[in-house]
Amino acid sequence: METSTQTLLFAAELVEENGTYALVVEDVRRGTVQSTPVPKAMVDKLPTFLSALIAKLHPVQPRRRW
């Protein structure tokens, strides 16, 4: 029986402080952290970006007819 294990490579957080936003990404393997400011307009569009990414990576297969 084959066993699968997951390894965390990166961890990302979007944080808000006093009305400003920052994306914080940790490279778990290297032990480094990078942070960059993110405009509120981008934060507001994040659900749309995630949906587009999911659609690109996992396109819906057309259903076959009998």
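Refer to the structure presented above.
Conventions adopted
Residues numbered from 1 in each chain as written. Predicted model: local features only at pLDDT ≥ 70, side-chain atom pairs only at ≥ 80, totals over all residues. Heavy atoms only, no water. Pairing = 2+ DSSP bridges. Helix = DSSP H or I, 4+ residues; strand = E, 2+ residues; numbered from the N terminus. Axes fitted to C-alpha atoms, helices over the stretch in contact; angles between N-to-C directions. Contact = heavy atoms within 4.5 Å.

Q: Explain the pairing of strand β3 (residues 32–38) to me, please; I cannot follow it from the model alone.
A: The two faces of the sheet receive side chains in turn, since in a regular strand these alternate between them. Relative to β3, strand β2 (residues 20–27) runs antiparallel, the two being bridged by 7 bridges. Bridge pairing in β3 places Asp27 opposite Thr32. In this antiparallel pair of consecutive strands, β2 and β3, the connection spans 4 residues, and Gly31 shows a positive phi of 75°.

Q: I would appreciate a short explanation of the sheet that holds strand β1 (residues 10–17) in the present structure.
A: In a beta sheet, neighbouring strands pair by backbone hydrogen bonds and run either parallel or antiparallel. Here 3 strands make up an open sheet; going across it, the order is β1-β2-β3 and the pairing antiparallel. Two strands in the sheet have a free side with no partner beyond their single neighbour: β1 and β3. Looking at each pair of strands side by side, their axes are set apart by 20° on average, direction ignored. The sheet contact formed by β1 and β2 spans 8 bridges and is antiparallel. Each bridged residue has a counterpart across the sheet, and for Val15 the counterpart in β2 is Ala22. This element, helix α1 (residues 40–57), spans β1, β2 and β3 of the sheet and lies at about 105° to β3.

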